[in-house]
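Here is how the chains run, residue by residue.
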Amino acid sequence: MACLLEHDNNFTVAIPSYEIKNNVTYYEIHVTVGAVTWSVSHRYNDFVELHEVLIADHCIAKEMLPQKKLIGNRDPGFIEKRKVDLEAYLRVVVNYLQRAMPLVLAKFLDFDKYDITYILQNMAYKCFMDGDSFLMKSSEYTFNPLQLHAISERLQKCCFPTEVSNNQHDFSHIIDFCQKLQTVIVRGGRSIIGTSNIIYNSLPFVMTMFKSVSELHFYNIHLPNVCDFGSVRLTVGCFVINNSCIKQLTDALLCDKVHKTTESSDDVWNKLVKIDFSWNELSGIDDGILLAPNLQNLTLDGNQIRKIENIEKLPKLTYLCMSANYIVVEDCLYSQLKNIVFLNLSQNKITKLSPFAKLVNLKTLDLASNSVSEASEIRYVSCLPKLEYLVLTGNPLSTIIDYRVKVFEAFGNRAQCLCLDNERPSQKELDTAAVLRALTVVREGKTPITIPSG
Amino acid sequence: MSAPPYSYSYIFKYIIIGDMGVGKSCLLHQFTEKKFMSDCPHTIGVEFGTRIIDVCGQKIKLQIWDTAGQERFRAVTRSYYRGAAGALMVYDTTRRTTYNHLSSWLTDTRNLTNPSTVIFLIGNKSDLKDQRDVAYEEAKQFADENGLMFVEASAKTGDNVEEAFVETAKKIFQCIQDGRLDLNATESGVQHKPSQPGRQTLTDQSPKPSCSC
């Protein structure tokens, strides 16, 4: 992120090249501020417009800009000469106006895209003009790390004297706006910003400006860059982090702390009831989960988790979704998941249904695209008293002939309440299942056992 | 919590300054939330609060910067004086040292704000009567000599807190009406906000950050 105020000795402009598009010559201006560079291209007419404002408002001499030429202005020699002259012109202007760069010049050089001061001015103006009407309709706003970084820098650093040129550029308007937001979305990325060499995810930022956030979404964020959650930790109820490469829960919940231990009560996210850390690189459910003791709803799709663990530490959890992981279950899950009502373990490596046999609170069980192959496994879930939605599609089991009928048969009288693979049983399926049951009774001379003895 | 109405005709920018531990953050909290914060942490850098008040039939939004009293934050907090329409200078009535430092706070304020900035002196913790260390008369005299408005208040009981913020706003509003304060001047700390709710013209172009994923 550029900050001209801090690098005013290290600021250069150059025009190294030009480009001809649709018969118009665009001069490529390279701006360098400290370690940051970017480029912006303008045609000669843009220079003329800029120059007119600078003459009128900032005492720039009229004859400084290279002259207009109507005929022969596509001659390469002429363009080359003009390029050199324009560069000289920009250097003089910038040198002369650097201390208090007028907005028109800053915009001409794209400072409003890359420099903290001008980004903040822009945001402050928008917040002042539109902040209230925006907040009347919505309490949700999407930031990028560049904006948050700019606000953070302004909060922590000393003097930004340029704001004063206009009250509408006052930083107060931004903070005022931020404090009222209830849903904050931050979208980062590993790409560079515009034509600059700044990378979104290289910019550190704080979250202390948000005071009433109940929902926080991070997409594609480098979590170590979040330096301070401030009071967000006390207010947030729903926390989403997707595609951000977090490897442990503490990477997210303690990213702003030096000591990554779960012991301090100051670090607990007491209001947090919903977590969605899907599409990261979590290898397990670590102790970090203790930092969200009131969690009701946990989604960890698309990670690298092999084992269900530590869920028993969340007494209020009823919704668990861990689709597209590497989960294998061997032992009974009762101690882990006894309170769970909604369970989605689709796209994992599950081969058996016996571990689910005692999860009496389950209403929904989604095991799509696993590796369950034996039809005899069905009896372990057919006894779950509250089960209403069962998904087994995509398992080898579901390719068995009369698969659906076999499942409904196992569910006995409750078959008509069961929605299997998103489809209620047809009357025909129910009838066939009933006939099969009757045949079994005749063959074995007793009611088939559907409740497993173990 | 009912959402605040987003209609007001002016914005006034305030700062609250004074020594560490005099109760600046508590005053702000009492004013914006009408609650006393008993274990208020030290402010780091700056805090911010807003409230819309009614002055002479006009809705005015106060944007208040609460600064850290600790010396080490002085460089940061100084950048917030600029463009303040009102400055609330706070001391602790039970600690004389905080009163003794007022002249240096006043110098800072006079140097960093503009001549029309209204400075209001608040002697906080007036509820702690038996621990009083600075007499009312003494502070009153200091205020009069320096042309400050003055009140003793208590962030704990809420006594005079509202008055301090509102009286400051009244004075600023008076200056506007008298023409002593130029709305168009930069650094006046006052902004006219003619827009009314329901105005939709610019809303559709509301800031949408570019994103790259």
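- As recorded in an unreviewed UniProt entry, chain B goes by Ras-related protein Rab-14 and comes from Parthenolecanium corni.
- Annotation of chain B in UniProt includes, under Cofactor (unreviewed entry), the sentence "Mg(2+)".
- According to the UniProt record, the Catalytic activity (unreviewed entry) comment for chain B is "GTP + H2O = GDP + phosphate + H(+)".

- An unreviewed UniProt entry annotates chain A as PX domain-containing protein of Parthenolecanium corni.

**Some remarks on the environment of Asp276 of chain A**
Residues and elements named next belong to chain A.
Item 1. Here Asp276 shows up in strand 10 (residues 274–276).
Item 2. Ignoring any residue separated from it by four or fewer positions in sequence, one finds Asp276 in contact with Phe239, Val240, Ile241, Asn242 and Thr299.
Item 3. A polar atom in the side chain of Asp276 sits 2.7 Å from the side chain of Ser278.

**Remarks on helix 6 (residues 145–156) of chain A**
All names here are of chain A.
Item 1. With 12 residues, helix 6 ought to run about 16 Å at 1.5 Å a step, and its terminal C-alpha atoms sit 16 Å apart, in line with that.
Item 2. Within helix 6, 11 of the 12 residues are buried, which leaves it mostly tucked inside the rest of the structure.
Item 3. Those residues of helix 6 that sit buried are Pro145, Leu146, Gln147, Leu148, His149, Ala150, Ile151, Ser152, Glu153, Arg154 and Leu155.
Item 4. The distance from a side-chain oxygen at the start of helix 6 to the backbone nitrogen of Leu146 is 2.9 Å, and the residue carrying that oxygen is Asn144.

**As for the pairing of strand 4 (residues 86–92) of chain B**
All names here are of chain B.
Item 1. In terms of burial, strand 4 is largely enclosed, as 7 of its 7 residues are buried.
Item 2. Burial along strand 4 is two-sided: Gly86, Leu88, Val90 and Asp92 facing one way and Ala87, Met89 and Tyr91 facing the other are all buried.
Item 3. As defined by bridge partners, strand 1 (residues 10–18) adjoins strand 4 across 5 bridges and the pair is classed as parallel. If you follow Ile15 over to strand 4, its bridge partner there is Ala87.
Item 4. As judged from the 7 bridges shared by strand 4 and strand 5 (residues 118–124), these two strands associate in the parallel manner. The residue bridging Asp92 from the neighbouring strand is Asn124, located in strand 5.

**Things to note about the environment of Tyr118 of chain A**
Residues and elements named next belong to chain A.
Item 1. With respect to the helices and strands, Tyr118 occurs in helix 5 (residues 116–137).
Item 2. Residue classification places Tyr118 among the buried residues on the basis of a relative accessible area of 6%.
Item 3. Expressed as a C-alpha distance, the spacing of Tyr118 and Asn361, which sit 243 residues apart in the sequence, is 56 Å.
Item 4. Setting aside its immediate chain neighbours within four residues, Tyr118 contacts Met101, Leu103, Ala106, Phe111 and Asp112.

**Quick word on the packing of helix 1 (residues 24–33) of chain B against helix 6 (residues 161–178) of chain B**
Packed helix pairs are specified by the crossing angle of their axes together with the interaxial distance, meaning the distance between the axes.
Residue and element names in this part refer to chain B.
Item 1. For the pair helix 1 and helix 6, interaxial distance at closest approach is 9 Å and the crossing angle is 85 degrees. Between helix 1 and helix 6, the interaxial angle falls into the category roughly perpendicular. Here helix 1 contributes Leu27, Leu28, Gln30 and Phe31 to the contact with helix 6, which in turn contributes Val161, Glu162 and Phe165.
Item 2. Of the residues belonging to the contact of helix 1 with helix 6, the class tally is 5 nonpolar, 1 polar and 1 charged.

**A few points about the packing of aromatic side chains**
Residues and elements named next belong to chain A.
Item 1. Counted by the stated rule, this structure contains 29 aromatic pairs over all chains.
Item 2. Ring geometry for Phe47 and Phe108: centres 5.0 Å apart, planes at 75 degrees, overall edge-to-face. Separated by 61 residues along the polypeptide, Phe47 in helix 1 (residues 44–58) and Phe108 in helix 3 (residues 103–108) bring together distant segments of the chain.
Item 3. On the basis of relative accessibility, which here comes to 0%, the residue Phe47 falls in the buried class.

**Regarding the side chain of Ser244 of chain A**
Residues and elements named next belong to chain A.
Item 1. Along the chain, Ser244 turns up in the loop between strand 9 (238–242) and helix 9 (249–253).
Item 2. On the basis of relative accessibility, which here comes to 6%, the residue Ser244 falls in the buried class.
Item 3. A distance of 2.9 Å separates the side chain of Ser244 from the backbone oxygen of Asn242, its partner in a polar contact.
Item 4. Not counting the four nearest positions on each side in its chain, Ser244 is found in contact with Phe218, Tyr219, Asn220, Ile221, Leu223, Trp279 and Asn280.

What counts and what doesn't
- Residues numbered from 1 in each chain as written.
- Chains lettered and ligands numbered in written order.
- Predicted model: local features only at pLDDT ≥ 70, side-chain atom pairs only at ≥ 80, totals over all residues.
- Heavy atoms only, no water.
- UniProt positions renumbered as here; feature names shortened; annotations may be inferred.
- Helix = DSSP H or I, 4+ residues; strand = E, 2+ residues; numbered from the N terminus.
- Contact = heavy atoms within 4.5 Å.
- Polar contact = N/O pair within 3.5 Å; in protein donor to acceptor, adjacent residues only side chain to side chain.
- Expected span 1.5 Å × (residues − 1).
- Buried < 20%, exposed > 50% of the residue type's maximum accessible area, 1.4 Å probe, protein only.
- Pairing = 2+ DSSP bridges.
- Axes fitted to C-alpha atoms, helices over the stretch in contact; angles between N-to-C directions.
- Parallel < 35°, antiparallel > 145°, perpendicular 65-115°, else oblique.
- Nonpolar A, V, L, I, M, F, W, Y, C, P; charged D, E, K, R; others polar.
- Phe/Tyr/Trp six-rings, centres within 6.5 Å; stacked < 30°, edge-to-face > 60°.

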